[in-house]
Amino acid sequence: MMDIVSILLILAGTFFYFTGTVGLLRLPDFYSRMHATGKSDTLGTLLSLLGLGLYAGWSFTSVKILFIVFFVSLTSPTATHALLRAAYDSKIPPWTKNGKVLREREVKKK
């Protein structure tokens, strides 16, 4: 039974990796791409590692995998946020539907 659950978790993680890759290729700008890959890669990694931990059984290896899950869940969203903040501070413009770049002064006037 645990083997089936671990295989399902690994398959779910692979699905999220795949959707993150599709988001990276299909979305229009840096911010959207980072959002898609940051969310899906974190969830894909967590599900895949949890599946591997269940497959390994209760051993020292599964404890190490749980530590990796803990650190990935802390560092991956933080790294994504830092990259997006650096892009925003570097004034990389976000994509808009009509092609116009929104500036802070224009947003404040509305």
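Details of the structure are given in the entry above.
Residues numbered from 1 in each chain as written. Predicted model: local features only at pLDDT ≥ 70, side-chain atom pairs only at ≥ 80, totals over all residues. Heavy atoms only, no water.

Asker: Account for the overall build of the protein chain, with residues named and values stated.
Answerer: Check the secondary structure of the protein chain and you find four helices and zero strands. Seen in sequence order, the protein chain has helices and strands lined up from the N terminus as α-α-α-α. The proportion of buried residues among the 110 residues of the protein chain is 24%. Taking as baseline every contact in the protein chain between residues at least 6 positions apart, the subset at least 24 positions apart corresponds to 69%. When the accessible surface of the protein chain is split by element, carbon and sulfur atoms take 70% of a total near 8300 Å². (Helix = DSSP H or I, 4+ residues; strand = E, 2+ residues; numbered from the N terminus. Buried < 20%, exposed > 50% of the residue type's maximum accessible area, 1.4 Å probe, protein only. Contact = heavy atoms within 4.5 Å. Areas by Shrake-Rupley, 256 points an atom, 1.4 Å probe, with all protein chains shown as cover.)

Asker: Tell me what's going on with the side chain of Ser-62, and back it up with residues and numbers.
Answerer: Residue placement: Ser-62 occurs in helix α3 (residues 60-89). Accessibility expressed as a relative area gives 3% for Ser-62, which makes it buried.

Asker: Describe the packing of helix α2 (residues 30-56) against α3, with residues and values.
Answerer: Viewed as axis vectors pointing N to C, α2 and α3 meet at an angle of 175 degrees, and their least axial separation amounts to 9 Å. Looking at the two axes, α2 sits roughly antiparallel to α3. Taken together, the residues of the contact of α2 with α3 break down into 18 nonpolar, nine polar and no charged. (Axes fitted to C-alpha atoms, helices over the stretch in contact; angles between N-to-C directions. Parallel < 35°, antiparallel > 145°, perpendicular 65-115°, else oblique. Nonpolar A, V, L, I, M, F, W, Y, C, P; charged D, E, K, R; others polar.)

Asker: Just give me the short version of the environment of Ser-40, but keep the residues and values in it.
Answerer: Relative to the helices and strands, Ser-40 resides in helix α2. On the basis of relative accessibility, which here comes to 6%, the residue Ser-40 falls in the buried class. Measuring from C-alpha to C-alpha, the distance between Ser-40 and Phe-16 comes to 5.2 Å, with 24 residues separating the pair along the chain. Excluding residues that lie within four positions of it along the chain, Ser-40 makes contacts with Phe-16, Thr-19 and Gly-20. Here Ala-36 takes part through its backbone oxygen, which lies 2.7 Å from a polar atom of the side chain of Ser-40. (Polar contact = N/O pair within 3.5 Å; in protein donor to acceptor, adjacent residues only side chain to side chain.)

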